[in-house]
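What the coordinates show
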Amino acid sequence: EMAAGYEEQMTALNRFAATYNTTATSIVADIKEITNGQIAMVDIAKSSSKALALDVPLDKYKELAKYADAVGDSLGMSTTQALEMLTDAAEKGAERQMKQIVGVIDLDAKYGKLTERMTEHEKIGKRVDIMLEKLAGKYTDLGKGVDSTADKMERLTVSVKDLQLTLGQLTIRAGFLG
């Protein structure tokens, strides 16, 4: 079931990736590396597809991913949950999530009347820019170079989930479901 869902997510992600002249496989590999292997491939595919569907630019999504571990550590959640929260906050400007992560982001205060003329896509881009600026100030040095026991356990859990995915993919390709 996980493998079938992953294949669907990768198909959707490939459509979005094409607009950036890349592939779903490349995006998943990049996010895996950026997050130090602390997010399972199936979760990366889901989160990346959602982010791009919500008009979060790929380069900015990758920047947000850099902060997922530190945000997760400080809020008591997994790196996966933190990346999902960052993505939702970027897209929706969800006030509660924004306050937890970086404080209040007020586009009107920063851009004034220009905000009224911005498209939703432009607002998302500006919101992410402000988020990244605040994240850099708040989280850049937090946990840098630290590989905690919790991080190692998270990677172990993710490795098991990735193995389950691989076994599911092999089962599908071998035609055992048939």
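Predicted model only: the values in this text are computed from it and were never measured.

1. Here's the deal with the overall build of the chain
Scanning the chain from terminus to terminus reveals 11 helices and zero strands. Within the span of the chain, comprising 178 residues, buried residues form 41% of the whole. Considering only contacts within the chain whose residues lie at least 6 apart along the sequence, 66% involve residues at least 24 apart.

2. Let's talk about the pattern of salt bridges
Taken as a whole and assessed by the stated rule, the structure comprises six salt bridges. Between aspartate 88 and lysine 50 there is a salt bridge, with the nearest N and O atoms lying 2.6 Å from each other. Of this pair, aspartate 88 sits in helix α6 (residues 79-92) while lysine 50 sits in helix α3 (residues 41-53); the two residues are 38 residues apart in sequence, bridging distant segments of the chain. Across the salt bridge formed by aspartate 129 and lysine 60, the nearest N and O atoms sit 2.2 Å from each other. Residue aspartate 129 is located in helix α10 (residues 120-139), and its partner lysine 60 is located in helix α4 (residues 58-66); the two are separated by 69 residues in the primary sequence. In this structure lysine 60 comes out as buried when scored by relative accessible area, which is 19%.

3. Considering the confidence of the model for the chain
Regions with low pLDDT should not have their predicted coordinates read in detail. Averaged over every residue, the pLDDT of the chain is 85; residues scoring 70 or more account for 87%. Mean pLDDT across the elements of the chain bottoms out in helix α7 (residues 95-101) (61) and peaks in helix α2 (residues 24-34) (97).

4. With respect to the side chain of glutamine 38
With respect to the helices and strands, the residue glutamine 38 is situated in the loop between α2 and α3. Taking relative accessible area as the criterion, glutamine 38 reaches 1% and is therefore assigned buried. Separated by 3.2 Å, the side chains of glutamine 38 and threonine 79 make a polar contact. Non-local contacts of glutamine 38, meaning those with residues more than four positions away in its chain, are made with Asp69, Thr79, Thr80, Asp151, Glu154, Arg155 and Val158.

5. A closer look at a positive patch on the surface
On the surface, Lys110, Lys126, Lys134 and Lys138 cluster together into a patch of positive charge. Of all the elements, α10 adds the most residues to the positive patch, at three residues. For lysine 138, the position within the fold is in helix α10.

6. Notes on helix α5 (residues 68-75)
Among the residues making up α5, those that are buried are Ala68, Asp69, Ala70, Val71 and Gly72. Residue glycine 76 follows α5 closely and has a positive phi angle near 70°.

7. Points about unusual backbone geometry
Its identity is not glycine, yet asparagine 21 carries a phi of approximately 55°, on the positive side. If you trace the backbone, asparagine 21 turns up in the loop between α1 (2-18) and α2. Phi angles above zero are rare outside glycine, and aspartate 55 is one such case at about 70°. Among the structural elements, aspartate 55 can be located in the loop between α3 and α4. You can call aspartate 55 partly exposed: its relative accessible area is 37%.

8. Concerning the packing of α1 against α2
At a closest axis distance of 8 Å, the pairing of α1 and α2 adopts a crossing angle of 100°. Accordingly, the angle class assigned to the pair α1 and α2 is roughly perpendicular. Listed contacts from α2 to Tyr6, Met10, Leu13, Asn14 and Ala17 of α1 are Ala24, Thr25, Ile27 and Val28. Split by residue class, the contact of α1 with α2 holds seven nonpolar, two polar and no charged.

Criteria and cut-off values
Residues numbered from 1 in each chain as written. Predicted model: local features only at pLDDT ≥ 70, side-chain atom pairs only at ≥ 80, totals over all residues. Heavy atoms only, no water. Helix = DSSP H or I, 4+ residues; strand = E, 2+ residues; numbered from the N terminus. Buried < 20%, exposed > 50% of the residue type's maximum accessible area, 1.4 Å probe, protein only. Contact = heavy atoms within 4.5 Å. Salt bridge = Lys/Arg side-chain N within 4 Å of Asp/Glu carboxyl O. pLDDT = per-residue confidence, 0-100. Polar contact = N/O pair within 3.5 Å; in protein donor to acceptor, adjacent residues only side chain to side chain. Patch = residues over 30% accessible without salt bridge, like charges linked within 9 Å, V, L, I, M, F, W, Y side chains within 5 Å. Areas by Shrake-Rupley, 256 points an atom, 1.4 Å probe, with all protein chains shown as cover. Lys, Arg positive; Asp, Glu negative; His and termini not counted. Charge placed at Lys NZ, Arg CZ, Asp CG, Glu CD. Axes fitted to C-alpha atoms, helices over the stretch in contact; angles between N-to-C directions. Parallel < 35°, antiparallel > 145°, perpendicular 65-115°, else oblique. Nonpolar A, V, L, I, M, F, W, Y, C, P; charged D, E, K, R; others polar.

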